[in-house]
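Spelled out, the chains give:
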Amino acid sequence: MKPSSLPHAVGLTALGTYVPSKVVTNHDLAKIVDTNDEWVVSRTGIKERRISEDNEFVSTLAFRAVDNLVQKYGSAVLEGVDLVIVATNTPDALFPSTAALVQSHFGLKAGAFDLLAACPGWIYALSAAHAYVKSGVCKKVLTIGSEVLSKVVDWTDRTTCVLFGDGACAAIVEEVPDGYGFKSFVLGSDGLGGKHLYMKCVAPSLPDGTMIQDKLYMNGREVFKFAVRIMESATIQALEKADMKLEDIALFIPHQANYRIIDAARAYLKLPLEKVMSNVERYGNTSTASIGIAMQEALDTNRIKDGDDLLLVTFGAGLTWASGVVRWYHKSF
Ligand code: UT7
């Protein structure tokens, strides 16, 4: 493609989501592990989460989130999609990729790959989609964050099983009118912190010798300290890269892992409550899907208008983090 015909601005143009119908409350969890509603609410802000059925997997949730896109915007929303990226930590299989399953399910003429960057995976996927479209390699990218962490948590470990929920989001990234779209991305990683949050795949241990157990392991206190620090710095860096100030942001949409982490970042940044989106109370931590699900709720409740600047910031295993600013474009398909 000639440089003159490359898109000037690339952004999000459509968003869909799906959460399983089964609601599991803290009271339900108190029947299977030594916990209680008061502890979980006061330490995390979570009251309930959605849990997938035995026959629902990451591909199932991804299909439903794309179905939701089509229901809302019509089938034209998928026309011309030439790449599918699925961010997930719990794919149906290592291969084929879940992205290839999505491509064939919807009959798309598109390339497909999965992306693994823990909870920040969907923001990594958005940044990759932005780069593909901006450079002219692709025109329209379907990005998905889909997660069934309930299938890999240790349901006897009260320190982790109360935190997570299942869900999916799907969004289109393509050219948008000048002035709209992505203004910045910040991507970061500190692999020395890998030992604080991990899950087994092939190797018995990490390179530092940490033995990897079968189910998800997390050192909550270490991840908490990292999360508060990184949410603040990644927010400031995303603003600096976009040449913007915090006052320019209409809505701060952070990773929904723990309300205390969100509120600590809000207090540090001196953001008013109404500028911070949180629905962790009802979904828990849905990992790669959490920001998309929160963004959808903000759209549904008219907290996002055409032209609003949104700040997205997230952290997770790796340890990794990602942030970015996007100006919302309300497209009619
Ligand atoms: O996207 C991935 C990101 N992961 C995260 O964002 C997690 C970040 N970390 C956290 O959110 C918090 O560290 C937790 C919510 C995991 C834990 O909260 P905390 O305030 O750091 O609690 P703690 O780990 O210091 O534990 C305090 C006490 C302990 O008992 P003792 O040792 O003081 O007797 C725990 O055994 O709370 C106990 N405890 C529980 N009690 C009731 C831990 N989990 C539970 C539970 N119910 N579910």
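Residues numbered from 1 in each chain as written. Predicted model: local features only at pLDDT ≥ 70, side-chain atom pairs only at ≥ 80, totals over all residues. Heavy atoms only, no water.

A few points about the sheet that holds strand E8 (residues 181-189)
Sheets are built from strands that pair by backbone hydrogen bonding, the pairs being arranged parallel or antiparallel.
Piece 1. On the basis of which strands lie adjacent, the open sheet formed by four strands has the order E8-E13-E12-E11 and mixed pairing. Each edge of the open sheet carries a strand with a single partner, namely E8 and strand E11 (251-254). With direction set aside, neighbouring strand axes in the sheet form an average angle of 10°.
Piece 2. Bridge analysis of strand E12 (residues 309-316) against strand E13 (residues 320-327) gives eight bridges, and the strand direction is antiparallel. Of the residues in E13, the one forming a bridge with Thr314 is Ala322. (Pairing = 2+ DSSP bridges. Helix = DSSP H or I, 4+ residues; strand = E, 2+ residues; numbered from the N terminus. Axes fitted to C-alpha atoms, helices over the stretch in contact; angles between N-to-C directions.)

Description of helix H3 (residues 58-73)
Piece 1. Given a rise of 1.5 Å per residue, 16 residues ought to cover 22 Å, and the 23 Å separating the end C-alpha atoms of H3 matches this to within 8%.
Piece 2. Within the span of H3, buried status applies to Val58, Ser59, Thr60, Leu61, Ala62, Phe63, Ala65, Val66, Asn68 and Leu69.
Piece 3. Elements that come into contact with the buried residues of H3 comprise strand E1 (10-18), helix H4 (98-105), strand E6 (140-147) and strand E7 (167-175).
Piece 4. A positive backbone phi angle near 90° is found at Gly74, which sits one or two residues after H3. (Expected span 1.5 Å × (residues − 1). Buried < 20%, exposed > 50% of the residue type's maximum accessible area, 1.4 Å probe, protein only. Contact = heavy atoms within 4.5 Å.)

Notes on the domain arrangement of the chain
Many descriptions give the size of an interface as the accessible area lost when the pieces come together.
Piece 1. What the domain assignment lists for the chain is domain 1 (3-175) and domain 2 (181-327).
Piece 2. A straight line from the C-alpha centre of domain 1 to that of domain 2 covers 15 Å.
Piece 3. Each partner contributes residues to the interface: domain 1 has 49 residues there, and domain 2 has 40 residues.
Piece 4. Across the domain 1 to domain 2 interface the summed buried area is about 3,600 Å²; carbon plus sulfur atoms make up 68%.
Piece 5. Looking only at domain 1, the three residues that lose the most surface to domain 2 are Cys119, Ile123 and Tyr124, adding up to 16% of its buried area.
Piece 6. Connecting domain 1 to domain 2 are one salt bridge.
Piece 7. For the salt bridge of Lys47 with Glu281, the shortest nitrogen-to-oxygen distance reads 3.4 Å.
Piece 8. Mapped onto the side of domain 1 that touches domain 2, the elements with two or more residues apiece are E1, helix H2 (37-44), strand E3 (48-50), helix H5 (121-134), E6 and E7.
Piece 9. A per-element tally of the side of domain 1 that touches domain 2 places H5 first, with seven residues. (Domains from an automatic or database assignment. Buried area = accessible area lost by both parts, 1.4 Å probe. Salt bridge = Lys/Arg side-chain N within 4 Å of Asp/Glu carboxyl O.)

As for the site of the ligand
Piece 1. Neighbouring residues of the ligand: 23 residues in total, closest Thr35, Arg43, Arg221, Asn258 and Asn285.
Piece 2. Contact between the ligand and Thr35: a nitrogen atom at 2.7 Å from a side-chain N or O atom of the residue.
Piece 3. Here Asn285 contributes a side-chain N or O atom positioned 2.8 Å from an oxygen atom of the ligand.
Piece 4. Of all the elements in the fold, those that place two or more residues in the shell around the ligand are H2, helix H6 (158-161), helix H7 (220-242) and helix H8 (259-269).
Piece 5. It is H7 that provides the largest number of residues to the shell around the ligand, a total of four residues.
Piece 6. Looking at the shell around the ligand residue by residue, the class counts come to eleven nonpolar, seven polar and five charged.
Piece 7. Both domain 1 (3-175) and domain 2 (181-327) contribute no fewer than three residues apiece to the shell around the ligand. (Near = heavy atom within 4 Å. Polar contact = N/O pair within 3.5 Å; in protein donor to acceptor, adjacent residues only side chain to side chain. Nonpolar A, V, L, I, M, F, W, Y, C, P; charged D, E, K, R; others polar.)

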